[in-house]
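# Chain and residue survey
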Amino acid sequence: MAKSNIDETKRYVLDCIEKSENYRRTFKPDWDLCEQQRRCVKPVEWEDKEDWQTQIFYPLQAKTVETAVAYLHKMLFPRRFYKIEGIEGFDKEQDNALEELYDNILDRGNFGVQNFFALEEGVTIGLSFIKLNVPEKGRIEFVYRSPYNCLVDPTCGTSFENAKYWIDVYEKDIAELVAEARKPDGIYKKKEINKLLKE
């Protein structure tokens, strides 16, 4: 790829990040407040209270989230929460085998645990994601991703299908970047990492 194309791509990605971070910033204070209430974090204002003043915290939000998650999980995700349709003729005999295959994919991909985290955060702040990964050939994994770690195209409105991009943010330390750069098919280039280390 020519240097001008790389620079142009870099500028575009950085512009997308900036737009999405600004968009996310408008929701973050409300998310933080909901999270603090769920985790029973005492309000900052209490620091101004005198010793004799009451500082009793009633974990109403935490209990509400716990109850809602339990009910939603029971309603939306029974043992088999999907249905396979459109199978006819000879293939009908394979119905059970297909359902067992789906069950195995969900179990081995850790869907149950990841779904619980996503459901809990979805109930708390109104938004959460499960991402489908294929880390290696023949393996599928489900990964819970928090909106705190995702940057979405602000122009997509209420439909993610209309998004021009989606950025999933993973923090990595320098050792991980160096190890990745040493791989022949790694996504990070040795030259760029060396430049970063010099700075």
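Rules used throughout
Going along each chain's sequence as written, the residues are numbered from 1 onward. Side-chain atom pairs in this predicted model are given and counted only at pLDDT of 80 or more, local residue features only at pLDDT of at least 70, and totals for whole chains, interfaces and linings cover all residues. Just so you know, side-chain values use all the structure's heavy atoms and leave hydrogens and water out. Only DSSP runs of H or I covering at least 4 residues are called helices, and only runs of E covering at least 2 are called strands; the numbering of each starts at the N terminus. Only protein chains enter the area calculation, which uses a 1.4 Å probe; residues under 20% of their type maximum are buried, those over 50% are exposed, and those in between are partly exposed. Here, residues are in contact when the closest pair of their heavy atoms is within 4.5 Å. Accessible surface area values rest on a Shrake-Rupley calculation with a 1.4 Å probe, where residue burial reflects the displayed protein chains alone. His is not counted here, nor are the chain ends, while Lys and Arg score as positive and Asp and Glu score as negative. A single reference atom marks each charge: NZ on Lys, CZ on Arg, CG on Asp, CD on Glu. In the analysis that follows, any N or O atom pair within 3.5 Å is treated as a polar contact, provided that within protein one partner can donate a hydrogen and the other can accept it, and provided that, for residues neighboring in sequence, both atoms belong to side chains. Geometry of aromatic contacts follows a simple scheme: Phe, Tyr and Trp rings, the Trp one being its six-membered ring, pair when their centres are within 6.5 Å, and the pair is stacked under 30 degrees between planes, edge-to-face over 60, tilted otherwise. Here a patch means residues that are over 30% exposed by relative accessible area and free of salt bridges, tied together within 9 Å if like-charged and within 5 Å if nonpolar (Val, Leu, Ile, Met, Phe, Trp, Tyr). Take a side-chain nitrogen of Lys or Arg and a carboxyl oxygen of Asp or Glu: if they are within 4 Å of each other, that pair is a salt bridge. Here the expected span of a helix is defined as 1.5 Å times the quantity of residues minus one. Think of the arc as the fan of directions from the helix axis to the C-beta atoms.

We now examine the overall build of the protein chain. Per the secondary structure count, the protein chain includes seven helices and four strands. In the protein chain, the succession of α and β elements from N to C terminus is α-α-α-α-α-β-β-β-β-α-α. Once the C-alpha set of the protein chain is aligned to its principal axes, its extents read approximately 70 × 60 × 35 Å. In the protein chain, buried positions account for 23% of the 199 residues. Put simply, 45% of the contacts in the protein chain that link residues at least 6 apart link residues at least 24 apart. For the protein chain, the exposed surface amounts to about 15,400 Å²; the carbon and sulfur share of it is 55%. Charge separation in the protein chain, taken as the distance between the mean sites of 31 positive and 37 negative side-chain charges, equals 5 Å.

Among the secondary structure elements, R145 is positioned in strand β2 (residues 139-145). What makes R145 buried here is its relative accessible area of 10%. Here the side chain of R145 touches D168 through a polar contact of 2.7 Å, side chain to side chain. Look past the residues within four positions of R145 in its chain and what remains in contact with it is E121, S128, F129, K131, C150, D168, V169 and Y170.

Of note, the phi angle at C40 is positive, near 60°, even though the residue is not glycine. On the secondary structure map, C40 appears in the loop between α2 (28-38) and α3 (60-76). Not every positive phi belongs to a glycine, and N110 is a case in point at roughly 65°. With respect to the helices and strands, N110 occurs in the loop between α4 (95-108) and α5 (111-125). When its relative accessible area of 35% is taken as the criterion, N110 is described as partly exposed.

A few words on the packing of aromatic side chains. Using the criterion set out here, one finds 14 aromatic pairs in the structure. Ring plane angle 80° and centroid distance 5.3 Å describe the contact between F111 and F142, whose orientation is recorded as edge-to-face. With a gap of 31 residues between them, F111 in helix α5 and F142 in strand β2 connect regions that are remote in the sequence. Residues F111 and F142 agree in their burial class; the two are buried.

This next bit is on a nonpolar patch on the surface. Nonpolar side chains collect at one region of the surface, where L101, Y102, I105, L132, V134 and I140 lie side by side and expose about 530 Å² of accessible area between them. Residue contributions to the nonpolar patch peak at three residues, all from α4. Inspection of the secondary structure assignment puts I140 in strand β2.

Relative to the helices and strands, D103 resides in helix α4. Distance from D103 to F81, taken between C-alpha atoms, is 9.9 Å for residues 22 residues apart in sequence. Sequence-distant contacts of D103, that is, excluding residues within four places in its chain, are made with R79, R80 and Y82.

The next point concerns α3. Between its first and last C-alpha, α3 extends 24 Å over 17 residues, near the 24 Å set by a 1.5 Å rise per residue. Along α3, the residues that are buried comprise A62, V65 and V69. Angularly, the buried residues of α3 cover 60° about the axis, an arc narrow enough to put them on a single face. Opposite the buried face of α3, by more than 90 degrees, sit the exposed residues L60, Y71, K74 and M75. Among the structural elements, α2 and α5 are those in contact with the buried residues of α3.

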